[in-house]
Amino acid sequence: MSIIYNRYLNNIDHTWYDSSNVLYSECFDNNTLNKNVKLVFKGGRTYLYKDVSADDYLQFKMTNESHGSAANKYIIKKYECVRLSDTDMESLEKFKEETIEEDNKIDDSMSNIAYCLEINDENGEFQLSLNNRLLFSGIEGQVSIINLLKSLNIKYSIKDLQK
């Protein structure tokens, strides 16, 4: 149970899973704490879950358990949903292949990207920006900064600043 591929594109977090039940998710980033999340299940069954907390989405996405169990625990049993038309699995696979190919082409040109994480130590508020464009804001403890970075596939290192 793991993530096969993840890409944040046009304010949508696209994630493909190595799971027997949940195959793909889209998290629509609307710059609020609650997101709309589309889940595609085996066979193409597709549902849109409304007003999912960013933390619940990250807990589902970054789980160490099966993504089917995590979807049940963090999303399905907690949020209202709408059944959508089934997803064409061939088109979804083609989209994944095209996205991976595009990522491979632009990896070299990404050296000028500058992520900035600003944290207020007093209240835990933080903002993640990319080239001066706000990507996400939240409060540490309500949303894990580490899980956020992992979910956006951002490479990071942790350094102890105490001397």
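Data block above holds the structure.
Here the structure is a predicted model, which means the values were calculated and not measured.

**Student:** Requested: an account of the overall build of the protein chain, with residues and values cited.
**Tutor:** Assigned secondary structure in the protein chain consists of four helices and nine strands. In the protein chain, the succession of α and β elements from N to C terminus is β-β-β-β-β-α-α-β-α-β-β-β-α. For the protein chain, the C-alpha radius of gyration of 16 Å lies close to 15 Å, the compact-globule estimate for 163 residues. Once the C-alpha set of the protein chain is aligned to its principal axes, its extents read approximately 55 × 40 × 25 Å. The buried share among the 163 residues of the protein chain stands at 39%. For the protein chain, long-range pairs separated by at least 24 residues make up 42% of all intrachain contacts whose partners lie at least 6 apart in sequence.

**Student:** Describe the state of the cysteines, and please don't skip the residues or the numbers.
**Tutor:** This model, assessed by the stated rule, comprises zero disulfides. Free cysteine Cys27: the closest other cysteine sulfur is in Cys81, separated by 16 Å.

**Student:** Residues and numbers for the environment of Tyr8, please.
**Tutor:** Mapped onto the secondary structure, Tyr8 falls in strand E1 (residues 2-9). For the pair formed by Tyr8 and Tyr79, sequence separation is 71 residues and the distance between their alpha carbons is 23 Å. Residue contacts for Tyr8: discarding those within four places in its chain leaves Asp13, Asp29, Leu135 and Leu152. Among the polar contacts listed, one links the side chain of Tyr8 to the side chain of Asn11, at a separation of 3.5 Å. Only 2.6 Å separates the side chain of Tyr8 from the side chain of Asp29, close enough to count as a polar contact.

**Student:** Tell me what's going on with helix H1 (residues 54-61), and back it up with residues and numbers.
**Tutor:** By the criterion of burial, H1 is predominantly enclosed, with six of the eight residues buried. Along H1, the residues that are buried comprise Ala54, Asp56, Tyr57, Leu58, Phe60 and Lys61.

**Student:** Go over the sheet that holds E1 with me, naming the residues and quoting the values.
**Tutor:** Taken together, the six strands give an open sheet; going across it, the order is E1-E2-E3-E4-E5-E6, and neighbouring strands pair in antiparallel fashion. Each edge of the sheet is formed by a strand with only one pairing partner; in this case those strands are E1 and strand E6 (81-84). Strand-to-strand twist in this sheet, taken as the mean axis angle between neighbours without regard to direction, amounts to 20 degrees. Bridge count between strand E3 (residues 22-28) and strand E4 (residues 34-41): six bridges; the pairing is antiparallel. Note on E4: the bridge partner recorded for Tyr24 is Val40. Sitting on the sheet, helix H2 (residues 67-76) touches E1, strand E2 (12-18), E3, E4 and strand E5 (46-53), and the angle it makes with E4 is about 145 degrees.

**Student:** Explain the side chain of Asp13 to me, and be specific about the residues and the numbers.
**Tutor:** Along the chain, the position of Asp13 falls in strand E2. We classify Asp13 as buried; its relative accessible area is 4%. Of the polar contacts made by the side chain of Asp13, one reaches the side chain of Tyr57; its length is 2.6 Å.

Parameters and conventions
- Residues numbered from 1 in each chain as written.
- Predicted model: local features only at pLDDT ≥ 70, side-chain atom pairs only at ≥ 80, totals over all residues.
- Heavy atoms only, no water.
- Helix = DSSP H or I, 4+ residues; strand = E, 2+ residues; numbered from the N terminus.
- Rg over C-alpha atoms; globule rule 2.2 N^0.38 Å.
- Buried < 20%, exposed > 50% of the residue type's maximum accessible area, 1.4 Å probe, protein only.
- Contact = heavy atoms within 4.5 Å.
- Disulfide = S-S within 2.5 Å.
- Polar contact = N/O pair within 3.5 Å; in protein donor to acceptor, adjacent residues only side chain to side chain.
- Pairing = 2+ DSSP bridges.
- Axes fitted to C-alpha atoms, helices over the stretch in contact; angles between N-to-C directions.

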